[in-house]
Amino acid sequence: MSFPSSPALPSSASGASASAGSSIAVRTVEITRTFGQRPAVVTALNRVSVAFEAGRFTSIMGPSGSGKSTLLHCLAGLERPSSGSVLVAGTDLASLSDGQLTTLRRDRLGFVFQAFNLVPTLTAGENITLSERIGGPRIPREWMSHLTEVLGLGDRLEHRPSELSGGQQQRVAIARALAHRPAVVLADEPTGNLDSHSSGEVLDFLRLAVERFGQTIVMVTHDPAAAARTDRAVFLRDGRVDGELRDPSVDDVLARLASTGSGA
Ligand SMILES: Nc1ncnc2c1ncn2[C@@H]1O[C@H](COP(=O)(O)OP(=O)(O)OP(=O)(O)O)[C@@H](O)[C@H]1O
């Protein structure tokens, strides 16, 4: 597969630092998240401190119930931790009002979900520019056309989601997540609903976004093959960070999961 070279990044490139690995895009400091009341309190996250470097692709793995989704939701500002801090591009989410948090989520974060979450009544192109349509920064058209060309969507922009395959819908969702150059893209099992061919393609595009555009991506996955496409796999267990692997291979990840008995 060959791709055209990237045009100059828009000056509004908000936080997608090109200096891979040299700065922290998002971090948690000692976050704890509990659900419920005594005596039935569930501690989903227990004093988790983890930092995600700018321009890197990180996966979060761990057994069911280990806290992966709760961590991603806290990074996304969808859930507030019971204690501790979440900092996105240096901003402590706890210091923001609800309105400020909504704006930060629109302008500085991108999301890719297992269920695509496209707006069914909008075309692919309209879905991709959704953040602009709801008041976010203007998406430069040169960047938009480059992005859709790289993702192989150039001839699909007038189609509605129901007219696209699952893999194509997820590519639209990725384009939407990347369009406003967020500080971080948060991906929750982005290949969970796809066949292995489409999964491979989606992982190729996420990888490309990191390498070509310096995008920071944090992805929850159960799939060792998906984790092996990332720069770093962080393992959770019982709401705590339980080690990590740099440049993991599938075998590394499988061995790691087997050694802790944490079949993903
Ligand atoms: N809204 C909630 N109310 C009560 N308990 C919750 C809530 N959300 C999560 N939990 C509990 O917190 C713990 C962590 O859940 P979480 O969904 O973060 O795990 P996970 O690692 O993402 O699991 P899975 O791989 O199955 O999606 C679990 O024990 C779960 O039951």
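Residues numbered from 1 in each chain as written. Predicted model: local features only at pLDDT ≥ 70, side-chain atom pairs only at ≥ 80, totals over all residues.

Draft legend 1. Representation of the pairing of strand β3 (residues 57–61) within the structure. Among the five residues of β3, five are classified as buried, and the element is accordingly described as predominantly covered. Residues of β3 alternate between two faces, with Phe57, Ser59 and Met61 on one and Thr58 and Ile60 on the opposite face, all of them buried. Note: β3 against strand β8 (residues 217–220), four bridges, orientation parallel. Looking across to β8, one finds that Phe57 is bridged to Ile217. Where β3 lies against strand β9 (residues 232–237), four bridges are found, and the strand directions are parallel. Of the residues in β9, the one forming a bridge with Ser59 is Ala233. (Buried ≥ 20, exposed ≤ 12 C-beta atoms within 10 Å, placed from the backbone. Helix = DSSP H or I, 4+ residues; strand = E, 2+ residues; numbered from the N terminus. Pairing = 2+ DSSP bridges.)

Draft legend 2. Representation of the pairing of strand β7 (residues 184–188) within the structure. Of all five residues making up β7, five are buried, and the element is well covered by its neighbours. Side chains Val184, Leu186 and Asp188 of β7 all project onto a buried face; the interleaved residues Val185 and Ala187 project onto the opposite face, where all are buried too. Sheet analysis places β7 next to β8, joined by four bridges and oriented parallel. Bridged to Leu186 within β8 is Val218. A crossover connection joins β7 to the parallel β8 through helix α7 (residues 196–213); in handedness this β-α-β unit is right-handed. (Right-handed = clockwise from strand over helix to strand, strands pointing away.)

Draft legend 3. A look at the site of the ligand. For the ligand, the full set of nearby residues is Phe35, Gly36, Val42, Ala44, Gly62, Ser64, Gly65, Ser66, Gly67, Lys68, Ser69 and Thr70. Going through the elements one at a time, β2 (42–53) and α1 (68–75) are the ones with two or more residues in the shell around the ligand. With three residues, the top contributor of residues to the shell around the ligand is α1. Per-class residue counts for the shell around the ligand are three nonpolar, eight polar and one charged. (Near = placed C-beta within 6 Å. Nonpolar A, V, L, I, M, F, W, Y, C, P; charged D, E, K, R; others polar.)

Draft legend 4. Expanded view of the environment of Thr216. By the secondary structure assignment, Thr216 is in the loop between α7 and β8. Taking the C-alpha atoms as reference, Thr216 lies 16 Å from His73; in sequence the two are 143 residues apart.

Draft legend 5. The sheet that holds strand β4 (residues 83–88), seen in detail. The strand order β2-β1-β4-β5 describes an open sheet built from four strands, whose pairing is antiparallel. Looking at which strands have only one partner, the edges of the open sheet turn out to be β2 and β5 (91–92). Here eight bridges tie strand β1 (residues 24–35) to β2, and the two strands are oriented antiparallel to one another. Pairing of Ile31 across the sheet is with Val48, part of β2.

Draft legend 6. Layout of the packing of helix α6 (residues 166–179) against α7. Relative to each other, α6 and α7 sit at 20°, their axes nearing to 9 Å. By the angle class used here, α6 and α7 are roughly parallel. Crossing handedness for the pair α6 and α7: right-handed. Residues Gly166, Gly167, Gln170, Arg171, Ile174 and Leu178 of α6 lie in contact with α7, whose contacting residues are Ser198, Glu201, Val202, Phe205, Leu206, Ala209 and Phe213. Among the residues making up the contact of α6 with α7, the classes are represented as seven nonpolar, four polar and two charged. (Axes fitted to C-alpha atoms, helices over the stretch in contact; angles between N-to-C directions. Parallel < 35°, antiparallel > 145°, perpendicular 65-115°, else oblique. Left-handed = near helix turned anticlockwise from the far one by under 90°. Contact = placed C-beta atoms within 7 Å.)

Draft legend 7. Main features of α6. With 14 residues, α6 extends 20 Å from end C-alpha to end C-alpha; this agrees with the ideal 20 Å at 1.5 Å per step. Along α6, twelve of the 14 residues are buried, which leaves the element largely enclosed by surrounding structure. Of all the residues in α6, the buried ones are Gln168, Gln169, Gln170, Arg171, Val172, Ala173, Ile174, Ala175, Arg176, Ala177, Leu178 and Ala179. On its buried face, α6 is in contact with β6 (109–113), α3 (124–128), α4 (130–133), α5 (141–150), β7 and α7. Immediately downstream of α6, the backbone of Arg181 shows phi near 50°, a positive value. (Expected span 1.5 Å × (residues − 1).)

Draft legend 8. Molecular detail of the environment of Pro248. With respect to the element layout, Pro248 can be found in the loop between β10 (240–246) and α9 (250–259). Taking C-alpha positions, Pro248 is 21 Å from Gly67, a pair spaced 181 residues apart along the chain. Beyond its immediate stretch of four places on either side in the chain, Pro248 contacts Ala227, Ala228, Ala233 and Val253.

Draft legend 9. Structural context of the packing of α5 against α6. With their axes 10 Å apart at the nearest point, α5 and α6 run at an angle of 150° to one another. As far as their axial angle goes, α6 and α5 are roughly antiparallel. Helix-helix and strand crossings are classified by hand; for α5 and α6 the assignment is right-handed. Residues Met144, Leu147 and Thr148 of α5 form the contact with α6, whose own contacting residues are Ala175, Leu178 and Ala179.

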